[in-house]
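# A closer look at the structure
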Amino acid sequence: MTLPLVAQAGGDGPFVRWDWIWGHLDLVWEKVVEHLVLTGIALGVGLAISLLLSAVVLRWRPAYAPITWVTGVAYSIPSLALFAFLVPITGFTILTAEIGLVSYTLLILIRNMVAGIDGVDPAVKEAALGMGYTRRRLFFQIELPLALPVIIAGLRIAGVTTIGLVTVTALIGQGGVGYFILRGLNRFFSTEIVLGTVLSVILAVALDLALLGVERLLTPWSKRRGASI
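Read on for an overview of the structure. Here the structure is a predicted model, which is why all the values come from computation and not from measurement.

### As for unusual backbone geometry
- Phi is positive for Phe188, close to 55°, though the residue is something other than glycine.
- With respect to the helices and strands, Phe188 occurs in the loop between helix H8 (178-187) and helix H9 (190-218).

Set out below in structure tokens:
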């Protein structure tokens, strides 16, 4: 189906063609789902890798500097350059998109995980050890739950960042709602540009609020403590 070219604001056509949007709701839904799937995979894999690397750091502190250096270098690479580098190796695939997306989550998540665990009151850890807690039990039942607010804060930052970066993967055919932005730019069709931009903002805000809700659900004591101050 051939889509009409619509002029930008100030031209002959309207800035946003609402009739075009209503007529393509199936495509909009498909791209929203694709965007969420790409984001979910990136955050899930990034969280798993970050947990593993954070455990290494907490077990052996000298590993913190090299791990954060490597993940910091990965984070500093421009997304377009990274995807251009990966395409000849892994092609225009979801794997290419996810390698890039996951790499941008690691530095944020690792720093927050380590900071969260380090921020647990030493007196609480000493009391737990005095009650017979093993190191493993101490980590999973005391340190990790108390560090959740800081960890989820990092996950929120990584999530919003990933939502934005997914739009860039439209350049390799995996962009979710970025598909509309790219196609709109190619066709000088402002409706698609606005649609893709607004949807990406809505998804970022929705994900941030969802993770905030998860934080409040998993850490009810932090809410009570804040109310008592």
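### Comments concerning the packing of helix H3 (residues 64-76) against helix H5 (residues 94-118)
- In the contact formed by H3 and H5, the axes pass within 7 Å of each other and the chain directions differ by 145°. As for the relative orientation of H3 and H5, their crossing is left-handed in sense. For the pair H3 and H5, the contacting residues are Tyr64, Ile67, Thr68, Thr71, Gly72, Ala74 and Tyr75 in the first and Ser103, Tyr104, Leu106, Leu107, Ile108, Ile110, Arg111 and Val114 in the second.
- A class-by-class count of the residues in the contact of H3 with H5 yields 10 nonpolar, 4 polar and 1 charged.

### Details of the pattern of salt bridges
- Evaluated as defined, the whole model comprises 6 salt bridges.
- Put simply, Asp19 and Arg17 hold a salt bridge, and the shortest N to O gap is 2.7 Å.
- Assessed through its relative accessible area of 21%, Arg17 is described here as partly exposed.
- Glu192 is the salt-bridge partner of Arg183, the closest N and O atoms lying 2.6 Å from each other.
- What makes Glu192 buried here is its relative accessible area of 0%.

### Re a nonpolar patch on the surface
- There is a patch of nonpolar side chains on the surface, built from Trp29, Val33, Val37, Ile41, Val45, Ile49, Ile94, Leu95 and Ile99 and spanning about 730 Å² of accessible area.
- Looking at the nonpolar patch element by element, the count peaks at 6 residues for helix H2 (residues 25-59).
- Assignment of secondary structure puts Val33 in helix H2.
- Given a relative accessible area of 33%, Val33 falls into the partly exposed group.

### Digging into the nonpolar core
- Residues Ile67, Leu101 and Ile110 are the most contacted members of the largest nonpolar core, which totals 15 residues.
- Sorting the residues of this core by element identifies H2, helix H4 (79-90), H5 and helix H7 (135-168) as the ones contributing at least two each.
- Residue contributions to this core peak at 6 residues, all from H5.
- Discounting chain neighbours no more than four positions away, the residues touching Ile110 are Ser50, Leu53, Ser54, Ile67 and Thr71.

Parameters and conventions
- Residues numbered from 1 in each chain as written.
- Predicted model: local features only at pLDDT ≥ 70, side-chain atom pairs only at ≥ 80, totals over all residues.
- Heavy atoms only, no water.
- Helix = DSSP H or I, 4+ residues; strand = E, 2+ residues; numbered from the N terminus.
- Axes fitted to C-alpha atoms, helices over the stretch in contact; angles between N-to-C directions.
- Left-handed = near helix turned anticlockwise from the far one by under 90°.
- Contact = heavy atoms within 4.5 Å.
- Nonpolar A, V, L, I, M, F, W, Y, C, P; charged D, E, K, R; others polar.
- Salt bridge = Lys/Arg side-chain N within 4 Å of Asp/Glu carboxyl O.
- Buried < 20%, exposed > 50% of the residue type's maximum accessible area, 1.4 Å probe, protein only.
- Patch = residues over 30% accessible without salt bridge, like charges linked within 9 Å, V, L, I, M, F, W, Y side chains within 5 Å.
- Areas by Shrake-Rupley, 256 points an atom, 1.4 Å probe, with all protein chains shown as cover.
- Core = buried A, V, L, I, M, F, W, Y, C linked by side-chain atoms within 4.5 Å.

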